[in-house]
Amino acid sequence: MRLFDDLTVSSGETSGHLARRSQPLLSDGNEDLLFTTNRSGFSLVSQRGREWRLDAGAAVLGSSAEPGSQEFPGSAHWLTLRIPRRRLAGLVGPPEDAVIRPIPASTEALRLLVDYVDTALRPQPMASPLLQRAFSAHVYDLVALAVGATRDAAELAGGRGLRAGRLNAAKGDILRHLEDEGLTVAGVAGRLGVTPRYLQRLFEGEGTTFTEYVVGQRLARAYRLLSNPRFLDRTITTIAFDVGFGNLSHFNRLFRRNYGATPSDVRAHIRGTVPQDH
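Because the structure is a prediction, the values reported are computed rather than measured.

Rules used in this analysis
Residues numbered from 1 in each chain as written. Predicted model: local features only at pLDDT ≥ 70, side-chain atom pairs only at ≥ 80, totals over all residues. Heavy atoms only, no water. Helix = DSSP H or I, 4+ residues; strand = E, 2+ residues; numbered from the N terminus. Contact = heavy atoms within 4.5 Å. Areas by Shrake-Rupley, 256 points an atom, 1.4 Å probe, with all protein chains shown as cover. Lys, Arg positive; Asp, Glu negative; His and termini not counted. Charge placed at Lys NZ, Arg CZ, Asp CG, Glu CD. Pairing = 2+ DSSP bridges. Axes fitted to C-alpha atoms, helices over the stretch in contact; angles between N-to-C directions. Phe/Tyr/Trp six-rings, centres within 6.5 Å; stacked < 30°, edge-to-face > 60°. Buried < 20%, exposed > 50% of the residue type's maximum accessible area, 1.4 Å probe, protein only. Expected span 1.5 Å × (residues − 1). Arc of directions from axis to C-beta. Polar contact = N/O pair within 3.5 Å; in protein donor to acceptor, adjacent residues only side chain to side chain. Parallel < 35°, antiparallel > 145°, perpendicular 65-115°, else oblique. Left-handed = near helix turned anticlockwise from the far one by under 90°.

An account of the overall build of the protein chain is needed here, citing residue identities and associated values.
Within the protein chain, the secondary structure is distributed over eleven helices and nine strands. For the protein chain, the spread of C-alpha atoms along the principal axes amounts to about 70 × 45 × 30 Å. Nonlocal contacts in the protein chain, meaning residues at least 24 apart in sequence, comprise 71% of its contacts between residues at least 6 apart. Surface accessibility of the protein chain: about 14300 Å² in total, with carbon and sulfur atoms responsible for 51%. With 34 positive and 29 negative side-chain charges, the protein chain shows a spacing of 4 Å between the two charge centroids.

Given below as structure tokens:
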């Protein structure tokens, strides 16, 4: 469970359980909304006399202000966002209108949302309050788009949360294909379902370009491999090609410009710090 500003993110695995919010529990006055998706397995969500089977990838919005339950009959991996009602009220009209309405796994905003939240759940903490506020605002935008934002809110979210989600998805796609020498903006854009020019603008919004980001990630991966004693058996040429560079001279030149040392310098330093019996 992690807290980002006023957004609570819960993620976990279960072998089966039943969670119920009964009528007596409503006396606490909690009106938070619960946006739930299953990463694997399925659950049965019940509220307002309706029951919805939540399969892997799908999502549903529930309300803490009303009785309800969620049952996991077997093993499942779940992700839940606890959202203050006021944060969605201005984005989707009355949030109650979106409660217990199924959101298909194919919904773009939902897929982007899950990937975006996954990035924030990595071990490195998001310590800055400013970053936490920006992250939670982007999450609320994507939730609103997934459940049905108002026209004005959809326009705002499209220029804020949706852009952040797509940029995050683009970076994830790049990292998955980093070793591919033929990695191009057109290829990434095609997999994301956007135009190459739109994707370029996403990176330009961060003060960089698609190519600069790819090169920077390749150099960073090469540096990690070169400075790790476990990979001393790999040659510099092998590492350069493994991270996606097709020309060794070009790799050496960019590496020195970025780190102020050659790949050989980094490798020599690591060899000098490794015990003789390594």
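So, next bit.
Can you explain the sheet that holds strand 7 (residues 59-63)? Please cite residues and give values.
An order of 1-2-9-4-7 is seen for the five strands of this open sheet, with the pairing classed as antiparallel. Across the chains shown, the open sheet's two edge strands, defined by having one partner strand only, are strand 1 (2-4) and strand 7. Averaged over all adjacent pairs, the angle separating strand axes in this sheet is 20°, with direction ignored. Sheet strands in contact with helix 2 (residues 108-120) are strand 1, strand 2 (7-14), strand 4 (33-40), strand 7 and strand 9 (76-83), and its direction is about 90° off that of strand 4.

So what's going on with the packing of aromatic side chains? Residues and values would help.
A complete count under the given rule lists nine aromatic pairs for this structure. Between Phe-203 and Phe-210, the ring centres sit 5.9 Å apart and the planes meet at 85°, which makes this aromatic pair edge-to-face. The exposure class assigned to Phe-203 is buried, which follows from its relative accessible area of 0%. Residue Phe-210 is classed as buried on the basis of its relative accessible area of 4%. When the ring of Phe-203 is compared with that of Tyr-213, the centres are 5.4 Å apart and the planes differ by 45°; the resulting orientation is tilted. Highlighted residues: Phe-203 in helix 7 (residues 196-204) and Tyr-213 in helix 8 (residues 210-226), separated in sequence by ten residues.

Describe helix 10 (residues 248-259), with residues and values.
Across its twelve residues, helix 10 extends 16 Å between first and last C-alpha, which sits within 8% of the 16 Å expected from 1.5 Å per residue. For helix 10, the set of buried residues is Phe-251, Leu-254 and Phe-255. The buried residues of helix 10 occupy an angular sector of 105° when projected down its axis, which confines them to one face. Among the exposed residues of helix 10, those pointing more than 90 degrees away from its buried face are Arg-256 and Arg-257. For helix 10, the N-terminal cap is Asn-247; the gap from its side-chain oxygen to the backbone nitrogen of Ser-249 is 3.0 Å. Gly-260, located one to two residues past helix 10, shows a positive phi value of around 70°.

Outline the packing of helix 2 against helix 5 (residues 161-176), listing residues and values.
Here helix 2 crosses helix 5 at 65°, and the two axes come no closer than 9 Å. On the basis of their axis angle, the class for helix 2 and helix 5 is roughly perpendicular. In this structure, the crossing between helix 2 and helix 5 has a hand that is left-handed. In this structure, helix 2 contributes Glu-108, Leu-112, Asp-115, Tyr-116 and Thr-119 to the contact, and helix 5 contributes Leu-162, Ala-164, Gly-165, Arg-166, Asn-168 and Ala-169.

Any details on the pairing of strand 4? Residues and values, ideally.
Where strand 4 meets strand 7, five bridges bridge the pair, whose relative direction is antiparallel. The partner of Phe-35 across the bridge, within strand 7, is Leu-61. Bridge count for strand 4 against strand 9 is seven bridges, and the pairing is antiparallel. Residue pairing for strand 9: Ser-40 is matched across the bridge by His-77.

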